[in-house]
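Overview (structure and organization)
As a plain string of letters, each chain reads:
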Amino acid sequence: MRGSPVPRPRLLRVTGRSMEPTLHEGDLLLSLWGAAAHVGDVAVVRLPDEPDGTPRPLSVKRLAGRDPDDRSRWWLDSDNPREGVTSFDVGSLDDTDVAAVVLARLRPRPRWIRGRHTPGRS
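Here is a short report on the structure shown in this document. Keep in mind it's a predicted model, so treat the numbers as computed, not measured.

Turning to the layout of surface pockets, a few remarks are in order. Of the voids in this model, the largest pocket is the one considered here, and its volume is about 380 Å³. Lining the largest pocket we find 19 residues, and of these Thr15, Pro57, Leu58, Ser59 and Val60 sit closest to its centre. Of all the secondary structure elements, the ones that give two or more residues to the lining of the largest pocket are strand 1 (8-13) and strand 4 (59-67). When residues in the lining of the largest pocket are grouped by element, the largest group, three residues, is from strand 4. Here the lining of the largest pocket is composed, by residue class, of 10 nonpolar, five polar and four charged. Taken as a whole, the second largest pocket encloses approximately 200 Å³ of empty space. As for the second largest pocket, its lining consists of 10 residues, and the residues nearest its centre are Arg8, Gly34, Arg46, Val98 and Ala99. At the level of elements, strand 1 and strand 7 (98-107) are the ones that each hand at least two residues to the lining of the second largest pocket. Each residue belonging to the lining of the second largest pocket can be placed in one class, and the counts come to three nonpolar, three polar and four charged.

This part takes up the pattern of salt bridges. Considering all chains together, one arrives at six salt bridges under this definition. The partner of Arg62 in a salt bridge is Asp79, and the shortest N-O contact between them spans 2.6 Å. Here Arg62 is found in strand 4, whereas its partner Asp79 is found in the loop between strand 5 (70-77) and helix 1 (87-90), with 17 residues between them in sequence. Its relative accessible area of 2% is what places Arg62 among the buried residues. Here Arg73 makes a salt bridge to Asp94, at a shortest N to O gap of 4.0 Å. Highlighted residues: Arg73 in strand 5 and Asp94 in strand 6 (residues 93-94), separated in sequence by 21 residues. By relative accessible area, Asp94 is classed as partly exposed at 24%.

Rules behind the numbers
- The residue numbers shown here count from 1 along each chain, following its written sequence.
- This being a predicted model, a pLDDT of at least 70 is required before a residue's local features are given, and a value of 80 or more before pairs of side-chain atoms are given or counted; all residues contribute to the totals for chains, interfaces and linings.
- Side-chain numbers here rest on the full set of heavy atoms in the structure, without hydrogens or water.
- Using a 1 Å grid laid over the protein atoms alone, points where a 1.4 Å probe fits but cannot get out form a cavity; open sets with protein on both sides within 12 Å along at least 5 of 7 lines form a pocket; any residue with an atom within 4 Å of a point counts as lining.
- Grid points are joined across faces, edges and corners, and a volume is the space filled by probe spheres set on the points.
- Only DSSP runs of H or I covering at least 4 residues are called helices, and only runs of E covering at least 2 are called strands; the numbering of each starts at the N terminus.
- Each residue receives one of three labels: charged for Asp, Glu, Lys and Arg, nonpolar for Ala, Val, Leu, Ile, Met, Phe, Trp, Tyr, Cys and Pro, and polar for the others, Gly being one of them.
- For this document, the term salt bridge refers to a Lys or Arg side-chain nitrogen within 4 Å of an Asp or Glu carboxyl oxygen.
- Remark: exposure states derive from per-residue accessible area (1.4 Å probe, protein chains only) relative to the maximum for the residue type, with buried under 20%, exposed over 50%, and partly exposed in between.

Listed below in structure tokens is the structure:
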């Protein structure tokens, strides 16, 4: 239901290595679409298009905090400092670009994901 004010659960599968060691290629995640996001959450985000206009796929990223220049926008990061797109690459994201919050990894080792962990960059 588009535009529904009620958050909806969805399953998704991780591709890529940008969220290692928190998440790995092939992990099955439980996400809550339309849920309120908080600093430190792992979230499903819509990244801006590539410079040539090619759309990017939905991505799983860490919400590192609010943009200090515009508190209505999110600064995002990868847990793996050697992989992935971050706000250093694409700038901050609007609230509407945060599609879902990741609640848990279901496979291969179930565990809750929500938290306030933001690793340091190397």
